[in-house]
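Chain by chain, the residues run as shown.
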Amino acid sequence: MIGRLRGTLLAKQPPALLLDVGGVGYELEAPMSTFYDLGAVGSEVTLHTHLHVREDAFLLYGFYREAERALFRQLIKLSGIGAKMALAVLSGMSVDEFRRCVTTADVSALTRVPGIGKKTAERIVMELRDRVDGSMTGVSLPSRSASGPLDPTGEALVALQALGYKPAESARLVEQSVEAGDDAETIIRKALKRALRN
């Protein structure tokens, strides 16, 4: 099991990361909460990791905080909640916000996360209410076009769709959120906040 990695950040294009650890490049997927805390490409980072083994792939997920990994692991244990949906939850709200939603049975806030309907939100509340405690405190990179790297708006669109938002909804959120000079992470952060308010 790979539990932690420390190395040089070679590339980040939400939700994918490439981390060089002693000359070996590890491809990971991470929630937007982790992207917000990472330094620039070329900086040294330490990530808590979760290795997910499937019949057809070994997938590695990275988290800036141990609490994020703990919540991810709790979520993927639930029936019908896969890794992609768990990443979407962590991208849309902090661990503390998630804990509040579960303890107060705020189903409507959970349903704002893409892919989570009312029944799934109710099941999350019911199954995790007694487990939301101190334990929750504290892949290949998408291909680039032949014309070169995506601009920040394009990267934001790709990231939102990877998190489960439909193309039209992603485009609307980006269009309503983008301002001149914004980088991709800023656009994504604003778009996710807007999606959770609506």
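Here the residue index of a chain counts from 1 through its sequence in written order. Given that the model is predicted, a residue must reach a pLDDT of at least 70 before its local features are reported, and side-chain atom pairs must reach 80 or more before they are shown or counted; all residues, however, enter totals for whole chains, interfaces and linings. Hydrogens and water are ignored here; the side-chain numbers use all heavy atoms of the structure.

Trainee: Give a detailed account of the overall build of the chain, specifying residues and quantitative values.
Mentor: Tallying secondary structure elements over the chain gives nine helices and five strands in all. The numbering of helices and of strands both runs from the N terminus, where a helix is a DSSP run of H or I of at least 4 residues and a strand a run of E of at least 2. Order of helices (α) and strands (β) in the chain, N terminus to C terminus: β-β-β-α-β-β-α-α-α-α-α-α-α-α. Under the scheme applied here, a residue whose accessible area is under 20% of the maximum for its type counts as buried, over 50% as exposed, and between as partly exposed, the area being computed with a 1.4 Å probe on protein chains only. Taken over 198 residues, the chain has a buried fraction of 45%. Roughly 9,800 Å² of accessible area belongs to the chain as shown, and the carbon and sulfur atoms make up 51% of that amount. Surface accessibility in these figures is a Shrake-Rupley result with a 1.4 Å probe; residues are shielded only by whichever protein chains are displayed.

Trainee: Got a sec to walk through the nonpolar core? Specific residues and values, please.
Mentor: Soluble globular proteins tend to pack their nonpolar side chains together in the buried interior. Ranked by internal contacts, the top residues of the largest apolar core, which has 31 residues, are F72, L75, F98, L110 and I124. Contributing elements (two or more residues each) for this core: β5 (58-63), α2 (66-76), α3 (83-92), α4 (95-103), α5 (107-110) and α6 (118-128). Top element by residues in this core is α3. It accounts for seven residues. By definition in these notes, contact holds between two residues if any of their heavy atoms fall within 4.5 Å. Contacts of L110, omitting those with residues within four sequence positions, involve M93, F98, C101, I116, A121, I124 and V125. Here, nonpolar core means buried Ala, Val, Leu, Ile, Met, Phe, Trp, Tyr and Cys residues that are tied together by side-chain atoms lying within 4.5 Å of each other. Within the second largest apolar cluster, 25 residues are counted, among which are L19, L28, A156 and L173.

Trainee: Let's hear about the confidence of the model for the chain: which residues, and what values?
Mentor: A score between 0 and 100, pLDDT records how confident the predictor is in each residue. This prediction gives the chain a mean pLDDT of 84; 90% of its residues lie at or above 70. Taken together, the stretch residues 134-148 has pLDDT below 50 and engages in 30 contacts with residues farther than four places along the chain or on a different chain.

Trainee: So, the packing of aromatic side chains: which residues are in play, and what are the values?
Mentor: The relation between two aromatic rings is expressed through the spacing of the ring centres and the mutual angle of the planes. Working definition: a ring pair exists when centres of Phe, Tyr or Trp rings (six-membered ring for Trp) sit within 6.5 Å. Plane angles under 30 degrees give stacked, over 60 give edge-to-face, the rest tilted. For the coordinates displayed, the defined rule picks out two aromatic pairs. With a centroid separation of 5.1 Å and 40° between ring planes, the pair formed by Y61 and F72 is classed as tilted. Of this pair, Y61 sits in strand β5 while F72 sits in helix α2, and the two are eleven residues apart along the sequence. Both residues of the pair, Y61 and F72, count as buried. For the ring pair F63 and F72, a centre distance of 4.9 Å and an interplane angle of 50° mean the geometry is tilted. Overall, F63 belongs to the buried group, its relative accessible area being 0%. The class of F72 is buried, set by a relative accessible area of 0%. Within the aromatic cluster, the residues linked to one another by ring pairs are Y61, F63 and F72.

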